[in-house]
Amino acid sequence: RIVIEIVITEKIVCHDVVGINCSCFIVDTHHFASQTPSERKLWLRALSNVKVKVQNRAPIPTDQDLEHYRTSIREHITALEATLEPRIVNDALLPRSA
């Protein structure tokens, strides 16, 4: 089921949210949260790659191209999992003020 559809154009803005151990990022006016900062970087890298292809009017990828992209992403995810990066912290980072 499609929840939302975002059209990636050469003018769309994609960026991360600055913060300590932050895993949030923004695509156009939509806010997203990934499970780790490394996952956020992977999403932004993939979006950046798509934007570059759109800007350069690259041809529609073949099935072989898509499989190559997916394999590369799986390899990157496996490498990230090997680092055992902790997930988002559930506790507050700062103590409550009185």
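Residues numbered from 1 in each chain as written. Predicted model: local features only at pLDDT ≥ 70, side-chain atom pairs only at ≥ 80, totals over all residues. Heavy atoms only, no water.

Now for the pattern of salt bridges. Side chains carrying opposite charge are able to pair once their charged atoms draw close together. For the coordinates displayed, the defined rule picks out two salt bridges. Of the charged contacts in the structure, one is a salt bridge between Arg 74 and Glu 67, with a shortest N-O distance of 3.6 Å. For Glu 67, a relative accessible area of 40% puts it in the partly exposed group. (Salt bridge = Lys/Arg side-chain N within 4 Å of Asp/Glu carboxyl O. Buried < 20%, exposed > 50% of the residue type's maximum accessible area, 1.4 Å probe, protein only.)

Alignment of strand β1 (residues 14-16) against strand β2 (residues 24-27), held across three bridges, turns out to be antiparallel. Bridge assignment links His 15 to a residue of β2, and that residue is Ile 26. Two elements, β2 and strand β3 (residues 30-33), share four bridges in a ladder whose sense is antiparallel. Pairing of Cys 24 across the sheet is with Ala 33, part of β3. Between β2 and β3, which pair antiparallel one after the other, the connecting turn spans two residues, and Asp 28 there sits at a positive phi close to 60 degrees. (Pairing = 2+ DSSP bridges. Helix = DSSP H or I, 4+ residues; strand = E, 2+ residues; numbered from the N terminus.)

All right, on to the sheet that holds β3 then. Strand order in the open sheet made by the three strands is β1-β2-β3, with antiparallel pairing throughout. A strand with exactly one partner marks an edge of an open sheet, and here the two such strands are β1 and β3. Going across the sheet, the axis of each strand differs from the next one's by a mean of 20 degrees, ignoring polarity. (Axes fitted to C-alpha atoms, helices over the stretch in contact; angles between N-to-C directions.)

This brings us to the nonpolar core. Membership of the largest hydrophobic core is limited to five residues, which are Ile 12, Phe 25, Val 27, Leu 44 and Leu 47. The set of elements that each furnish at least two residues to this core consists of β2 and α1 (37-55). Those residues in contact with Leu 47, other than ones at most four positions away along the chain, are Ile 8, Cys 14, Phe 25 and Val 27. (Core = buried A, V, L, I, M, F, W, Y, C linked by side-chain atoms within 4.5 Å. Contact = heavy atoms within 4.5 Å.)

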